[in-house]
Amino acid sequence: MEQQLQAVSGAAAQQSPEQQADAEAGQAYFDRAMAADSRIEPRDWMPDAYRRTLVRQISQHAHSEIIGMQPEANWITRAPSLKRKAILMAKVQDEAGHGLYLYSAAETLGTSRDEMMGQLVAGKARYSSIFNYPTVTWADMGAIGWMVDGAAICNQVPLCRASFGPYGRAMVRVCKEESFHQRQGFEILLELANGTPAQKQMAQDAVNRWYAPSLMMFGPPDDDSPNSKQSMAWNIKRFSNDELRSRFVGMMAEQVKVLGLSLPDAEIRFNEETKKWEHGALDWDEFKEVLAGRGPCNAQRMERRREAHEGGAWVREAATAYAAKMAAKNEVAA
Ligand code: FAQ
């Protein structure tokens, strides 16, 4: 078995000869792991840039799950039946759980949850563009489940094979839960699509509004994606943004037929030559506006998150005091 090496950071010039030798051996171990497509674990040596990339992606992903609770939580009190309310509550709780697995995975890289949360509430961290759109009707719960969770699955199934162990393992569980989320969304839309003409229209309207934002979840086009190349070389991302977007469009194009609805894109087609699904042009200026904090709900999402963070301060303090008390008690007992 390969030697497991502790991370050695700092410029080579500031390192002792022993540290430099460790770093060289570490780099060689890391390169072999990449070539063999095997996993890197938290205590293994890794390049600083690999660590930073992972913290960037995993923390953004965690923040997305946490902010992503808001658009749906908004409908818990207005769900049309007790059964729908219970299902929606379970889904929103799952998203909180996903955020927690992901913060834990990022913490193994040496960045604390407090730090990541601090960046989020200070407005310095990214989270997925999709959660800055409003949920105006009950059908939006169906569209989010079917399309947003569907896009999340397309993006995240390959991440189960991400080279960083804790991230890949977290994704396995997350994807199982996302599959349930997607089915519940599909089922909401199916019921509406088979309901009254007004209900069918509400479902179609939701699909129309969530289509383009869900395609943008995959990130900018490949030629405008600064991080993809390196992330793919490090076996973090397995497919490019456009490749995953194309797969998602293909999936939607088939499933929408079962719903008896349509996608608001006349240019969707399977290109026999490239063997890829194609879609119409997306408004990337809108995407940039949302990323810059000027989407329809950015301000509201951040305000709610800050309120929740401040309102939860007493819980964090109580948990910290309890943990200190138990640690002191265990020390006495030992
Ligand atoms: N929104 O060079 P790339 C969910 C940023 S979870 C906001 O292509 P990369 C579950 C990107 O960070 C949804 N920012 O970047 C759920 C970068 O900025 P930076 C979240 C975006 O990392 C369902 C810059 O643009 N999923 O839905 C977006 O190689 C229902 C340049 O882009 C994940 O986070 C965007 N859409 O690829 C929850 C999956 N796209 O950091 C509740 C993991 C790009 O340089 C309810 N993440 N940016 O300042 C990933 O797979 C990747 O990070 C990508 C972006 C594909 C999102």
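One can find the structure itself at the top, above this paragraph.
A few points on the structure. (Residues numbered from 1 in each chain as written. Predicted model: local features only at pLDDT ≥ 70, side-chain atom pairs only at ≥ 80, totals over all residues. Heavy atoms only, no water.)

Digging into the pattern of salt bridges
Evaluation of the coordinates by the stated rule reveals 19 salt bridges. Between R209 and D205 there is a salt bridge, and its shortest N-O distance comes to 3.3 Å. Separated by four residues within a single helix, R209 and D205 lie in helix α8 (residues 197–216), roughly one turn from each other. For R209, a relative accessible area of 29% corresponds to the partly exposed category. Overall, D205 belongs to the partly exposed group, its relative accessible area being 30%. K276 is paired through a salt bridge with E243; the nearest N and O atoms lie 2.7 Å apart. Taken as a pair, K276 in strand β2 (residues 276–278) and E243 in helix α10 (residues 241–259) lie far apart in primary sequence, 33 residues in all. With a relative accessible area of 18%, E243 lands in the buried category. Residues joined by salt bridges that share partners form a network here, namely E72, K91, E95 and D149. (Salt bridge = Lys/Arg side-chain N within 4 Å of Asp/Glu carboxyl O. Helix = DSSP H or I, 4+ residues; strand = E, 2+ residues; numbered from the N terminus. Buried < 20%, exposed > 50% of the residue type's maximum accessible area, 1.4 Å probe, protein only.)

As for the site of the ligand
Taken together, 36 residues are adjacent to the ligand, and Q60, S129, S225, K237 and N241 come closest. Taking Q60, its side chain carries an N or O atom lying 2.7 Å from an oxygen atom of the ligand. Contact between the ligand and P226: an oxygen atom at 3.3 Å from a main-chain N or O atom of the residue. In isolation the ligand has 1,100 Å² of accessible area, and contact with the protein removes 91% of it. Of all the elements in the fold, those that place two or more residues in the shell around the ligand are α2 (48–67), α4 (82–107), α6 (139–156), α7 (165–193) and α11 (284–294). At six residues, the largest contribution of residues to the shell around the ligand is made by α2. Here the shell around the ligand is composed, by residue class, of 13 nonpolar, 14 polar and nine charged. (Near = heavy atom within 4 Å. Polar contact = N/O pair within 3.5 Å; in protein donor to acceptor, adjacent residues only side chain to side chain. Areas by Shrake-Rupley, 256 points an atom, 1.4 Å probe, with all protein chains shown as cover. Nonpolar A, V, L, I, M, F, W, Y, C, P; charged D, E, K, R; others polar.)

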